Amino acid sequence: MASVIAKQNIVFALCKYLSLDPNEFSSDLGSDVKSLCARILSSSGNGDLQVNNKELLKWIEFAESLLENSSVTLESLGKLNEELITKSVLMGGGLKPSEADMIVFSVVHSAVNDLSSSDKAKLPHLLRWIDYIQNKEYFGELFKKILVENVQCIPSALKSTRKVDDSNAKKTVQETKEAINKEADSKAKKIADAEKVEAAGQATPDKRKLPEKEPGKARQPEKEVEKKDEELSVSLLKIQIGHIRKAWKHPSADSLLVEEIDIGEAKCRQVVSGLAKYCTPDQLKNRRVVLITNVKPGKLRDVMSEGLVLCASNQDHSIVEPLIAPDEAKIGECVTFSGHVGRPEEILNPKKKQLDKITPHLFTNDKGVATFKNIPFMTSAGPCTSSIPNATVK
């Protein structure tokens, strides 16, 4: 029998998602989980459709089964981890969380939070999903934020996998697990082999060596690929939501404006932007913007700049505008990208040209949603956007 606290968590999470008052359902806490969810869903705009949604019903039953035991087991979390191997969210096959995500998240959150680091490492896809939901949806103080690091991304080969039948689905999951294990074994073997080669040095000549130039380059391509992937990870950037409190013309550059931007710190950031040709200071004042806050501070024409406001531009750069952050996004919150989880650099190193390598992959799609390699800029209130579709972002 599910505890009252567990049901309260479900009510809060689901009502928050559906913009309903959770107090209206306090008298329903004595009913079973399925009935409780049905009561809440029927109160929403498309309630009848959702109550009869078989896939949603499956996840409600899953959540109820987890609560039948005194605690959520590692085995149950493992099953959920397998379900998430080819998914970003539980329903719909896209990036938008659903009622199912809210219900299951509220049930497993406490158990995942209490896991040891070693157990968390066994559930990379579950942790990736947990991190996405907790950053996508705002639950206030009810659910403590779980620190997630080094989350494994969805295997690219599986992103387009289609579910043909149950037997094929199980086969896909099994093959994926085997592939992940093989990849881990392969990496371990390569490291061991590399250590052996380094230890051996020049002592034993290799009869199979190619001409002089090749031996020194034997392992270089793999290292270069790994290094290149790290340098291109958008997680290196600290992208935050800011609120422009003041804006004025640069004292010595007609093409520049200076903004005072609140990102939730004790002091506002001063940022210099090349927007003078495209908007006035008054048009920027009190506007929500998206900015990179871990660029190295420096002076632009003798005025200090401590960030970079991200802007969308059409092809001929005749129209440029700052990206639009959702009105309900919290000032200072970090923008997230599904599948890209990592700690941003404290300060980007200009010598590594990290920004130059990442920004060519920033665009708005045909609907004006800002993306990194087609992955949306996400906040707790939805994606960041622009009125300019198919634009470059920098």
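That block above? That's the structure.
Residues numbered from 1 in each chain as written. Predicted model: local features only at pLDDT ≥ 70, side-chain atom pairs only at ≥ 80, totals over all residues. Heavy atoms only, no water.

(A) Up close: the overall build of the chain. Counting its secondary structure elements, the chain contains twelve helices and 15 strands. Looking at the chain as a whole, 43% of its 394 residues are labelled buried. Taking all contacts inside the chain whose residues are at least 6 apart in sequence as the whole, residues at least 24 apart take part in 67%. Accessible surface for the chain amounts to roughly 22,600 Å². Of this, 50% is attributable to carbon and sulfur atoms. (Helix = DSSP H or I, 4+ residues; strand = E, 2+ residues; numbered from the N terminus. Buried < 20%, exposed > 50% of the residue type's maximum accessible area, 1.4 Å probe, protein only. Contact = heavy atoms within 4.5 Å. Areas by Shrake-Rupley, 256 points an atom, 1.4 Å probe, with all protein chains shown as cover.)

(B) Layout of helix α2 (residues 33–42). Listed as buried for α2 are V33, L36, C37, I40 and L41. Looking straight down α2, one finds its buried side chains confined to an arc of 130 degrees; they lie on one side. Sitting at the head of α2, D32 places a side-chain oxygen 3.1 Å from the backbone nitrogen of K34. (Arc of directions from axis to C-beta. Polar contact = N/O pair within 3.5 Å; in protein donor to acceptor, adjacent residues only side chain to side chain.)

(C) Broad picture of the packing of aromatic side chains. Evaluated as defined, the whole model comprises five aromatic pairs. Summarising the aromatic geometry, the rings of F105 and F143 are spaced 5.4 Å apart at their centres and angled 80 degrees between planes, so their arrangement reads as edge-to-face. Here F105 is found in helix α6 (residues 99–113), whereas its partner F143 is found in the loop between α8 (124–136) and α9 (166–200), with 38 residues between them in sequence. When sorted by exposure, F105 lands in the same class as F143, which is buried. (Phe/Tyr/Trp six-rings, centres within 6.5 Å; stacked < 30°, edge-to-face > 60°.)

(D) Structural context of the pattern of salt bridges. Here the structure, examined in full by the defined rule, presents six salt bridges. In this structure, the salt-bridge partner of D28 is R39, at a minimum N-O distance of 3.3 Å. With D28 in the loop between α1 (4–18) and α2 and R39 in helix α2, this pair connects stretches of sequence that are eleven residues apart. Its salt-bridge partner being K87, residue E83 comes within 3.3 Å of it at the nearest N-O pair. (Salt bridge = Lys/Arg side-chain N within 4 Å of Asp/Glu carboxyl O.)

(E) The arrangement of the environment of P297 in detail. Here P297 is to be found in the loop between β4 (288–292) and β5 (298–300). P297 gets classed as partly exposed once you look at its relative accessible area, which sits at 46%. In the structure, P297 is positioned 27 residues away from Q270 in sequence and 9.7 Å away in space, judged by C-alpha atoms. In this structure, P297 is in contact with M304, S305, E306 and I347, ignoring residues within four places of it in sequence.

(F) Structural view of α1. A rise of 1.5 Å per residue sets the reference length of α1, with its 15 residues, at 21 Å; its end C-alpha atoms lie 21 Å apart and thus fit the reference within 8%. Inspection of α1 places A6, K7, N9, I10, V11, A13, L14, C15 and L18 among the buried residues, and these make up the whole buried set. Packed against the buried residues of α1 are α2, α4 (54–68) and α6. (Expected span 1.5 Å × (residues − 1).)

(G) Structural detail: the packing of α6 against α8. Running from N to C, α6 and α8 point in directions that differ by 115 degrees, and their axes come no closer than 11 Å. Classified by the angle between their axes, α6 and α8 sit roughly perpendicular to one another. Every pair of crossing elements has a handedness; the one defined by α6 and α8 is left-handed. In this structure, α6 uses D101, M102, V104, F105, V108 and V112 to contact α8, whose residues at the interface are L126, L127, W129, I130, I133 and Q134. The class makeup of the residues in the contact of α6 with α8 is ten nonpolar, one polar and one charged. (Axes fitted to C-alpha atoms, helices over the stretch in contact; angles between N-to-C directions. Parallel < 35°, antiparallel > 145°, perpendicular 65-115°, else oblique. Left-handed = near helix turned anticlockwise from the far one by under 90°. Nonpolar A, V, L, I, M, F, W, Y, C, P; charged D, E, K, R; others polar.)

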